[in-house]
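Tertiary structure, described
Chain by chain, the residues run as shown.
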Amino acid sequence: MKQSVKFLLPGTAIMLAVLLWVSACERAEQPATTASAIDPVSFAINAERILNADSETANWLTHGRTYDEQRFSPLDAINDSNVGELGLAWYYDYPVKRGMEATPIVVDGIMFTTSAWSMVFSHDARTGELLWSHDPKVPKEWAVKLCCDVVNRGVAIWEGRIYSGTIDGRLLALDAATGDLLWEVQTTDIDKPYSITGAPRIIDGKIIIGNGGAEYGVRGYVSAYDVDDGSLVWRFHTVPGDPEKPFESAAMEMAAKTWNGEWWKLGGGGTVWDSMAYDPELDLLYIGTGNGSPWNQQIRSPGGGDNLFLSSIVALRPDTGEYVWHYQTTPGESWDYTAAQHMILADIDIDGTPRKVIMQAPKNGFFYVLDRVSGEFISGQAFVPMTWATGIDPETGRPMETANARFTDEPAFALPGPPGGHNWMPMSYSPLTGLVYIPAQQIPFVFGHDGDYAAKQGLWNTGIAAVYAGIPDDPDQQAAVLSMVKGEIIAWDPRTQKDIWRIQHDQTSNGGLLSTAGNLLFQGDAKGEFAAYTADSGDKLWSTDVQTGVVAAPVTFEVDGDQYVSIVVGWGGSIALFAGKALKDSAYGNKSRLLTFKLGGTETLPASEQQRVVLDPPVSTADAQTIALGKISYANRCMVCHGDGAVSGGVIPDLRYLPAAKHDIWDAIVRDGALASLGMAGFGDALSKEQTDAVHAYVIERANFALKKSN
Ligand code: CA
């Protein structure tokens, strides 16, 4: 048989290493060093310090640096005149190979961050020296209960303790000086596919934490826990439960009037999986809520309805969880258009009047400016091309949907696709330029109603017909669709709702943003470049190769008079897992690292390894009917991690490159869970033998297709 040798990027090499040398896959790459003395007084982060976080220019005390989540730093020692001298000060390799999405917290020269699999780390921020690490030992097979990789977006600090969530729904309290576990609490029903990937926020001694799982049939909520002992203070459900039972709140009674059918049996969704902000003066906590579960409203709430509080910004009292107001970005959500994306609070002049606003660029592609006192809609404009709506009615604040946007008549081509015009990657707002910087993207999708929904309830649970999803195999169609896939930085003026400039990336799923008083804007991208641009005009001034795709957002801080810029790198997240062909085989794979830069830094990264691997599949002998069954079963069960078209994004094994030894034990892996400890759960309960055989046939067909193409 002919063999094709393909020169692969490091991610593919890594994933083959995972396949071939299973036991080595999660081995630590650097030994932990012992802690130097830390003054615990340094960690006395109380309400007053976080309220005044903006004045602590040297630190990055809370997820968005300040409660308003602007992700703007007043530091300017590194600026548009000297950023060319920026060099690596230190780096640290983490013992994981999955998506890295954390925003580090920096307090008085000590850094706290997280990695994939919910691990927590503390470093000396000047040298990178590891002070401690904590592994909550999450069950690896929980990975199949996460839509979007086993990521974690960071910690919160309060009174000498670090608080962090885990993918299996626990909230941890760690000693900030030692990493010792002080308490942990299960925040979710362990029998349901909930997960925590978001960073906690802490308001006046209450840890605010949400969860994910709306791709798998859960009911969303956000909770507040007492910092001292982890006792539950309040819980706010975002969608109503069974109306036969007492409503948890008046808000749920109101929300239930906007639903139809028996949604509570399907979960409902509306998970608060990432974004929050807080206005201390108004004493309002803002939460962003997720998509419907399942996505397809025809199934979830037959007959329609707004389905509150899906895809909404909701204002709550942080002391009690009491509802104050809401604004729903996507009434009757049916496309995975979450409003769980980054929200920024700012005071800006609109038409000559100072307004307290909250701003969001959620997945649905509109940039929203709302009055954050009342929730009143001020303005909203599309920041990316969209097919589902023509605009927002300025009177009602509701989107004006296009015909068949809800794919009720026939399948509908859609922009944005489910990954959104903007996903979780943090934006940044510079009060100096008055601009919001959006890490935007474009990735199309075809939505079709799934007439076979009941069979899939409880797993990848969207109600969308998988047969239409993904990038077409036909070369012309494929080229046309791929030409639409891109990423951008958009500098957006929220006062006029217009773009001022755009930077184009040919890859989607690029990193979050940081702006500074040095007239700089920092971003890492999907192809592994970390760059600095001028914040006012978007001119690229500096860049460096970080050897892996970047999705996280950078931070900056100061220690001993030196300004540093840090970024967690490591390719992963939803698009890296499922996008497959849409990633154009061009992304780096995963190298999970923390990189810290300063002016004159002279550290260098070790050479990036590349390996030759052989595409050597068995000959495809299956008939077209089997391959078709395999394609649908694959799309329903496997695509979410292994990628559209069996093309990996470089994080998870590319099944087309399976070695013969793995083909031989296909059933043991796919049906019985032989690799569950690596995150590959067995699907013997979810798929029939006929289906897993068909998936195998489909994967072999895809590999033969790739072999033919490469010869
Ligand atoms: Ca979702």
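Residues numbered from 1 in each chain as written. Predicted model: local features only at pLDDT ≥ 70, side-chain atom pairs only at ≥ 80, totals over all residues. Heavy atoms only, no water.

As a further point, take the overall build of the protein. From N to C terminus, the protein includes 11 helices and 41 strands. The principal-axis extent of the C-alpha atoms belonging to the protein is close to 70 × 60 × 50 Å. Buried residues in the protein amount to 65% of all 711 residues. Considering the protein, the positive charge centre built from 53 side chains and the negative charge centre built from 86 side chains are found 5 Å apart. (Helix = DSSP H or I, 4+ residues; strand = E, 2+ residues; numbered from the N terminus. Buried < 20%, exposed > 50% of the residue type's maximum accessible area, 1.4 Å probe, protein only. Lys, Arg positive; Asp, Glu negative; His and termini not counted. Charge placed at Lys NZ, Arg CZ, Asp CG, Glu CD.)

Each disulfide consists of a covalent bond between the sulfur atoms of two cysteine residues. In total, this model carries 1 disulfide according to the counting rule given. Cys147 shares a disulfide with Cys148; S-S distance 2.2 Å. Judged by the sign of its S-S torsion, about -105 degrees, the cystine formed by Cys147 and Cys148 is left-handed. The cysteine Cys638 is free of any disulfide, with Cys641 supplying the nearest cysteine sulfur at 9.1 Å. Using a relative accessible area of 16% as the deciding quantity, one classes Cys638 as buried. (Disulfide = S-S within 2.5 Å.)

All right, on to the coordination of the calcium ion then. The coordination sphere of the calcium ion, as far as protein atoms go, consists of Glu215 (OE), Glu215 (OE), Asn291 (OD1) and Asp336 (OD), spread over 2.3 to 2.9 Å. If you list the donors of the calcium ion from N- to C-terminus, the spacing comes out as E-x75-N-x44-D. In this pair, Glu215 sits in the loop between β13 (206-209) and β14 (221-226) while Asp336 sits in the loop between β21 (323-328) and β22 (343-350), placing the two residues 121 residues apart along the sequence. (Donors = N, O, S within 2.8 Å, 3.2 Å for Na, K, Ca; no water.)

Let us now look at the domain arrangement of the protein. Per the domain assignment, the segments of the protein are domain 1 (1-61 + 102-190), domain 2 (200-345 + 354-406) and domain 3 (624-710). Listed per partner, the contact involves 21 residues of domain 1 and 21 residues of domain 2. In total, domain 1 and domain 2 occlude about 1,600 Å² of area from one another, counting both sides; carbon and sulfur atoms represent 65% of this. Looking at the side of domain 1 facing domain 2, the largest losses of area belong to Arg153, Trp158 and Thr187, adding up to 30% of the total buried there. A salt bridge links Arg153 to Asp274; the nearest nitrogen and oxygen atoms lie 3.3 Å apart. Listed by contribution, the elements that provide at least two residues to the side of domain 1 that touches domain 2 are β8 (156-158), β9 (161-165) and β11 (181-186). In the side of domain 1 that touches domain 2, the residues fall into 12 nonpolar, 5 polar and 4 charged. (Domains from an automatic or database assignment. Contact = heavy atoms within 4.5 Å. Buried area = accessible area lost by both parts, 1.4 Å probe. Salt bridge = Lys/Arg side-chain N within 4 Å of Asp/Glu carboxyl O. Nonpolar A, V, L, I, M, F, W, Y, C, P; charged D, E, K, R; others polar.)

An order of β29-β30-β32-β33 is seen for the 4 strands of this open sheet, with the pairing classed as antiparallel. Both outer strands of the open sheet, β29 (428-430) and β33 (498-505), are each paired with one neighbouring strand and no more. Looking at each pair of strands side by side, their axes are set apart by 25 degrees on average, direction ignored. Strand direction decides the pairing type here: strand β30 (residues 435-442) and strand β32 (residues 486-493), joined by 7 bridges, are antiparallel. Bridge assignment links Gln441 to a residue of β32, and that residue is Gly487. (Pairing = 2+ DSSP bridges. Axes fitted to C-alpha atoms, helices over the stretch in contact; angles between N-to-C directions.)

Below, the discussion takes up the pattern of salt bridges. In this structure the tally under the stated criterion is 34 salt bridges. Here Arg406 makes a salt bridge to Glu401, at a shortest N to O gap of 2.7 Å. Assessed through its relative accessible area of 33%, Glu401 is described here as partly exposed. One salt bridge connects Lys486 with Glu488, and the closest N-O pair in it is separated by 3.8 Å. With relative accessibility at 3%, the residue Glu488 sits in the buried group. Bridged by salt links that share partners, the residues Asp279, Glu281, Asp347, Lys356 and Arg372 form one connected network.

Note that Gln547 resides in the loop between β37 (540-545) and β38 (555-559). Among the residues examined, Gln547 registers a relative accessible area of 14% and is labelled buried.

Here we take up the nonpolar core. By size, the foremost hydrophobic cluster in this structure holds 96 residues, and its most contacted members are Phe112, Ile162, Phe236, Ile287 and Phe522. It is strand β39 (residues 562-569) that contributes the most residues to this core, 5 residues altogether. Every residue in contact with Phe522, bar those within four places of it in the chain, is listed here: Ile78, Val83, Leu86, Gly512, Leu513, Leu514, Thr516, Phe530, Ala531, Ala532, Pro554 and Val565. Formed by 45 residues, the second largest nonpolar core is a distinct cluster that contains Leu284, Phe366, Ile669 and Leu678. (Core = buried A, V, L, I, M, F, W, Y, C linked by side-chain atoms within 4.5 Å.)

So, about the packing of aromatic side chains. Applying the stated criterion across every chain yields a total of 28 aromatic pairs. On the basis of an interplanar angle of 85 degrees and a centroid distance of 5.6 Å, the ring pair of Phe530 and Trp542 is categorised as edge-to-face. Placement of Phe530 in strand β36 (residues 529-534) and of Trp542 in strand β37 is noted, with a sequence separation of 12 residues between them. Take Phe530 and Trp542: they sit in the same class, and that class is buried. Here the aromatic residues Tyr327, Trp335, Tyr337, Phe366, Tyr368, Phe377 and Trp388 are joined through ring pairs into a cluster of three or more. One Lys or Arg, Lys145, reaches over the ring of Trp142 and ends 3.9 Å from the middle of that ring. Above the plane of the ring of Phe705 lies Arg702, whose end atom (NZ or CZ) is 4.4 Å from the centre. (Phe/Tyr/Trp six-rings, centres within 6.5 Å; stacked < 30°, edge-to-face > 60°. Lys NZ or Arg CZ within 6 Å of the ring centre and 35° of its normal.)

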